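Tertiary structure, described
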Amino acid sequence: RCNRSIVVVSMKVWVDHMVDHFSTYIYQKRGFYYFSRRVPKDVQPLHGKQRIVLALNTRSRAKALKYSQVICQRLDERWLPMRLDAIGLGNVLIDNVKQQTAPLLSEAVGQYLQLKGIGKAKTFHQAALRNAGVVIDQLGDRPLCDYSTVDAGKVRDALIDRGLSVLSVRRIFTTVKAVINLAIAEHGLDIRNAFAAIYMPEAESKKRVSIPVETIQQIQQSCMEHDDDMRWLIALISDTGMRLAEAAGLHINDLKLDEEIPYVDIKPHPWRSLKTKGSQRQVPLVGASLWAAQRIKANASSCFAFPRYTDNSRCNANSASNALNKWLHANFRNDIVIHGFRHAMRDRLRAVSCPSEMIDQIGGWSKRSVGEGYGEGFTLDNILNQMELLNSIEGEV
């Protein structure tokens, strides 16, 4: 664990160093960024210029840094053959040169975060560093061309022997493959991604149980009896179908109780992003969810709906999941989890013949056709009619 922590810290330091490095090549003039780099003296006679200056046509510093990195790589690739010619090595195979200049895995993950991590949540960066760190911990920090499929197989076997599920191992490999693929493309390497075609055993997929309506009503009744923040969170999810992180990361002002139709405004926040673009939505508050929202507002002591799990920097949905699932197992059924309310909401809406497009809108599920993306979608009034129908058929809680 100590070695892995050292590797992760080292990679973070490297990323910060690279950002500072490329920032030396950009400057701002009249709001726009420009690239400027001195041509090395040994290639100036062949290049014909002493300095490269380019307009980047952007006001974004993040984009300018990205462009600067790409331009620097292209210039280095152009200057290398000139230097080889100057010392009489012009006949060296370019494929061999590319393999010799393959970046280390730690460098590749740093580049990956620079290019693909812009605007991504903190968890994206943490996952990339952690998953690449698993490989470095097992095989060492090598140039990408030095990893073989045999090495990748060793990592797979070691992780499975450690007790990780096949699905977890696949997630780690997915990140590592993406990191290496990007480095291969950016550096123009003619090498094989050793982690791309490795065999993975069949994963045993566990289907989450959709909680029966009778059990949902029992849980909702128990939530009202306990009447505390943990039970408010369960009740809020139970009649909205929200993901746990969506609910746990709500701002208190996301609960719109003074409107003609009370609703929850599900949108991204700095401390909690959303899973997909379609996850941003508005869902009417009815039944137990309306009761929970009213209790949250009446007892608000923070700008966060659930300060137990959320602060200015993050939303700890994992902690909430563990605590809430433990309570559900101890008091109701061992085979249900908090995410089961989301599955149940889809089944409950189907039972009242709710249109599939409306179901997707309520739950923030991805659209299944191009046509579903046209128009403004269903209004709160349309959705409320279906959700009130659902509650009237199931009976008052």
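Here's a quick rundown of the structure.

1. Focus: the sheet that holds strand β2 (residues 32-38)
Spatially, the 3 strands line up as an open sheet ordered β1-β2-β3, and their pairing is antiparallel. With partners counted over all chains shown, the strands left at the sheet margins are β1 (26-29) and β3 (51-55), one partner each. For this sheet, the mean angle separating the axes of adjacent strands, direction not counted, is 25 degrees. Note that β2 and β3 share 5 bridges and pair antiparallel. Paired with Arg-37 across the two strands is Ile-52, which belongs to β3.

2. Quick look at the nonpolar core
Ranked by internal contacts, the top residues of the largest apolar core, which has 55 residues, are Leu-233, Leu-236 and Phe-341. With 7 residues, the top contributor of residues to this core is helix α10 (residues 229-238). In contact with Leu-233, other than residues within four places in its own chain, are Leu-244, Ala-247, Ala-248, Phe-306, Tyr-309, Ala-320 and Leu-324. Ranked by size, the runner-up nonpolar core spans 34 residues in total, among them Val-169, Ile-172, Phe-173 and Ile-184.

3. Some points on the sheet that holds strand β4 (residues 255-256)
What the 3 strands build is an open sheet, ordered β4-β5-β6; its pairing is antiparallel. Edge strands, defined here as strands with exactly one partner in the open sheet, are β4 and β6 (281-284). The sheet strands contacting helix α16 (residues 380-394) are β5 (263-266) and β6, and the helix crosses β6 at an angle near 40 degrees.

4. With respect to helix α8 (residues 166-187)
Helix length check: α8, at 22 residues, gives a terminal C-alpha distance of 31 Å against a target of 32 Å (1.5 Å per residue), a fit within 8%. For α8, the complete set of buried residues consists of Val-166, Val-169, Ile-172, Phe-173, Thr-175, Val-176, Val-179, Ile-180, Leu-182, Ala-183, Ile-184 and Glu-186. With its phi angle positive at about 65 degrees, Gly-188 sits one or two positions after the end of α8.

Conventions and cut-offs
- The residue count restarts for each chain, going from 1 along the sequence in the order it is written.
- Reporting of local features is limited, given that this is a predicted model, to residues whose pLDDT is at least 70; pairs of side-chain atoms are given and counted only at 80 or more, and all residues count toward the totals for whole chains, interfaces and linings.
- To obtain the side-chain values, all non-hydrogen atoms of the structure were included, while hydrogens and water were left out.
- When DSSP locates at least two bridges between a pair of strands, those strands are taken to pair.
- Only DSSP runs of H or I reaching four residues or more are called helices, and only runs of E reaching two or more are called strands; each is numbered from the N terminus.
- Structural elements are reduced to axes, namely lines fitted to C-alpha atoms, with helices fitted over the stretch in contact, and the angle between N-to-C directions of any two is expressed from 0 to 180 degrees.
- We call a set of buried residues a nonpolar core when its members are Ala, Val, Leu, Ile, Met, Phe, Trp, Tyr or Cys and they connect through side-chain atoms within 4.5 Å of each other.
- Three labels apply to residues, based on accessible area from a 1.4 Å probe with only protein chains included: buried if under 20% of the type maximum, exposed if over 50%, partly exposed otherwise in between.
- Note on definitions: a residue-residue contact is assigned when non-hydrogen atoms from the two residues lie within 4.5 Å.
- To estimate how far a helix should extend, the number of its residues minus one is multiplied by 1.5 Å.

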